[in-house]
Amino acid sequence: NKIRQALVKRGGGVGLRVAVKTSGCSGYAYALEFADAALPEDLAIECEGVQVLVDASSLPILDGTELDWVREGLNEGFKFHNPNATATCGCGESFAL
């Protein structure tokens, strides 16, 4: 629902691109961006009327991951539940495999 609302507010797009990049103190970090089109290397997953696009290199790391919108105190945002992550950094911005 939050992704659909953000796409409408943004003025369009086909969905949300989820990827993993090398970064942070634990080695990997999640990357989210709106997608205007699917790329040839993307796997498109339809979830509650929204396309979630994952590139082939990120797919093994994200396999089984749940993405939730959470509200914690005054903060709200996406939270990743990745069964492949063996550790996360103290700030919660990166993870290790």
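See above for the structure.
Residues numbered from 1 in each chain as written. Predicted model: local features only at pLDDT ≥ 70, side-chain atom pairs only at ≥ 80, totals over all residues. Heavy atoms only, no water.

**Observations concerning the packing of aromatic side chains**
Argument step 1. Considering all chains together, one arrives at four aromatic pairs under this definition.
Argument step 2. Ring geometry for Trp69 versus Phe78: centroids 4.9 Å apart, planes at 85°, classification edge-to-face.
Argument step 3. On the accessibility criterion, Trp69 (35% relative accessible area) is partly exposed.
Argument step 4. Linked through ring pairs, Tyr28, Tyr30, Phe80 and Phe95 together constitute an aromatic cluster. (Phe/Tyr/Trp six-rings, centres within 6.5 Å; stacked < 30°, edge-to-face > 60°. Buried < 20%, exposed > 50% of the residue type's maximum accessible area, 1.4 Å probe, protein only.)

**Comments concerning unusual backbone geometry**
Argument step 1. With phi around 50°, Glu48 is a residue other than glycine that occupies positive phi space.
Argument step 2. Glu48 gets classed as exposed once you look at its relative accessible area, which sits at 66%.

**What to know about the layout of surface pockets**
Argument step 1. The computed volume of the largest pocket comes to approximately 520 Å³.
Argument step 2. For the largest pocket, the lining is made up of 22 residues, of which Ile3, Cys47, Val52, Glu66 and Leu67 are closest to its centre.
Argument step 3. Every element with two or more residues in the lining of the largest pocket is listed here: α1 (2–10), β3 (42–47), β4 (50–55), α2 (59–62), β5 (66–72) and β6 (75–81).
Argument step 4. With four residues, β5 is the largest single contributor of residues to the lining of the largest pocket.
Argument step 5. Of the residues assigned to the lining of the largest pocket, the class counts are 13 nonpolar, three polar and six charged. (1 Å grid on protein atoms, 1.4 Å probe; cavity = no way out; pocket = protein on both sides within 12 Å on 5 of 7 lines; lining within 4 Å. Points joined across faces, edges and corners; volume = space filled by probe spheres on them. Helix = DSSP H or I, 4+ residues; strand = E, 2+ residues; numbered from the N terminus. Nonpolar A, V, L, I, M, F, W, Y, C, P; charged D, E, K, R; others polar.)

**Digging into a nonpolar patch on the surface**
Argument step 1. Nonpolar side chains collect at one region of the surface, where Leu32, Trp69 and Phe78 lie side by side and expose about 250 Å² of accessible area between them.
Argument step 2. Assignment of secondary structure puts Trp69 in strand β5. (Patch = residues over 30% accessible without salt bridge, like charges linked within 9 Å, V, L, I, M, F, W, Y side chains within 5 Å. Areas by Shrake-Rupley, 256 points an atom, 1.4 Å probe, with all protein chains shown as cover. Salt bridge = Lys/Arg side-chain N within 4 Å of Asp/Glu carboxyl O.)

**Digging into the pattern of salt bridges**
Argument step 1. What the rule picks out here adds up to five salt bridges.
Argument step 2. Between Arg17 and Glu33 there is a salt bridge; the shortest N-O distance is 3.3 Å. Of the two residues, Arg17 sits in strand β1 (residues 15–23) while Glu33 sits in strand β2 (residues 27–35), which places them 16 residues apart along the sequence.
Argument step 3. With relative accessibility at 10%, the residue Arg17 sits in the buried group.
Argument step 4. Note that Glu76 and Arg71 form a salt bridge whose closest N and O atoms lie 2.9 Å from each other.
Argument step 5. Overall, Glu76 belongs to the partly exposed group, its relative accessible area being 42%.
Argument step 6. Here the residues in one salt-bridge network are Arg17, Glu33 and Asp42, joined through shared partners.

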